[in-house]
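Residues per chain are reported as follows:
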Amino acid sequence: MSKNALSIVIVSIVLVLIFIFTFDAKSKAGDSSSTQSVQNVEVKNGVQYITINAKGGYSPRVSSAKAGIPTKIIIKTKDTYDCSALLVVRSAKFQKILPQSGETEIDLGTPKAGEPVQGVCGMGMYSFVVEFS
Ligand SMILES: [Cu+2]
């Protein structure tokens, strides 16, 4: 009787361990895919640059960056003829028609944690957001 109960306990512990390991592996796989979306952020000479492509919308649509560092957004256009070339970033007081092809810098100053910066196209149908933490 008690031997039986003991084996049930052991089996259930093993099952829980297998479950935890599987779950852990899955969450690690999720982490690596989320770092891929962070690859558009790099720090050069103490300035953080976030690169966003504008053409038929903005990509990536969500970027994650660090707060507390001087930060600039680089908007890249390449044969951009749609309305994503008319960009408004309110918090940076930025409103411009981007060149059809080129790079445009937007100075965000030093962003604070928990204050995301949003960019919107001229007609408000395309947008991107940069989250700071
Ligand atoms: Cu638009």
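A short tour of the structure in this document, coming up. (Residues numbered from 1 in each chain as written. Predicted model: local features only at pLDDT ≥ 70, side-chain atom pairs only at ≥ 80, totals over all residues. Heavy atoms only, no water.)

Another point: the layout of surface pockets. Looking at the largest pocket, its volume works out to about 160 Å³. For the largest pocket, the full set of lining residues is Ser91, Ala92, Asp107, Leu108, Thr110, Pro111, Lys112, Glu115, Pro116 and Val117. Tallied by class, the residues present in the lining of the largest pocket amount to five nonpolar, two polar and three charged. (1 Å grid on protein atoms, 1.4 Å probe; cavity = no way out; pocket = protein on both sides within 12 Å on 5 of 7 lines; lining within 4 Å. Points joined across faces, edges and corners; volume = space filled by probe spheres on them. Nonpolar A, V, L, I, M, F, W, Y, C, P; charged D, E, K, R; others polar.)

Attention now moves to the environment of Asn53. Structurally, Asn53 is set in strand 2 (residues 47–54). Put simply, Asn53 and Lys76 are 23 residues apart on the chain and 4.7 Å apart in space, counted from C-alpha to C-alpha. (Helix = DSSP H or I, 4+ residues; strand = E, 2+ residues; numbered from the N terminus.)

A one-sided burial pattern is seen for strand 6 (residues 86–89), the buried positions being Leu87 and Val89 and the unburied ones Leu86 and Val88. Two strands pair when backbone bridges link them, and strand 6 and strand 7 (residues 94–97) are joined in this way by four bridges, in the antiparallel orientation. Following the sheet pairing, Leu87 is matched in strand 7 by Lys96. In sequence, strand 6 turns back onto strand 7 through a hairpin of four residues, with Lys93 there showing a positive phi of about 50°. Where strand 6 lies against strand 9 (residues 117–121), two bridges are found, and the strand directions are antiparallel. Among the inter-strand pairings, Val88 is bridged to a residue of strand 9, identified as Val120. (Buried < 20%, exposed > 50% of the residue type's maximum accessible area, 1.4 Å probe, protein only. Pairing = 2+ DSSP bridges.)

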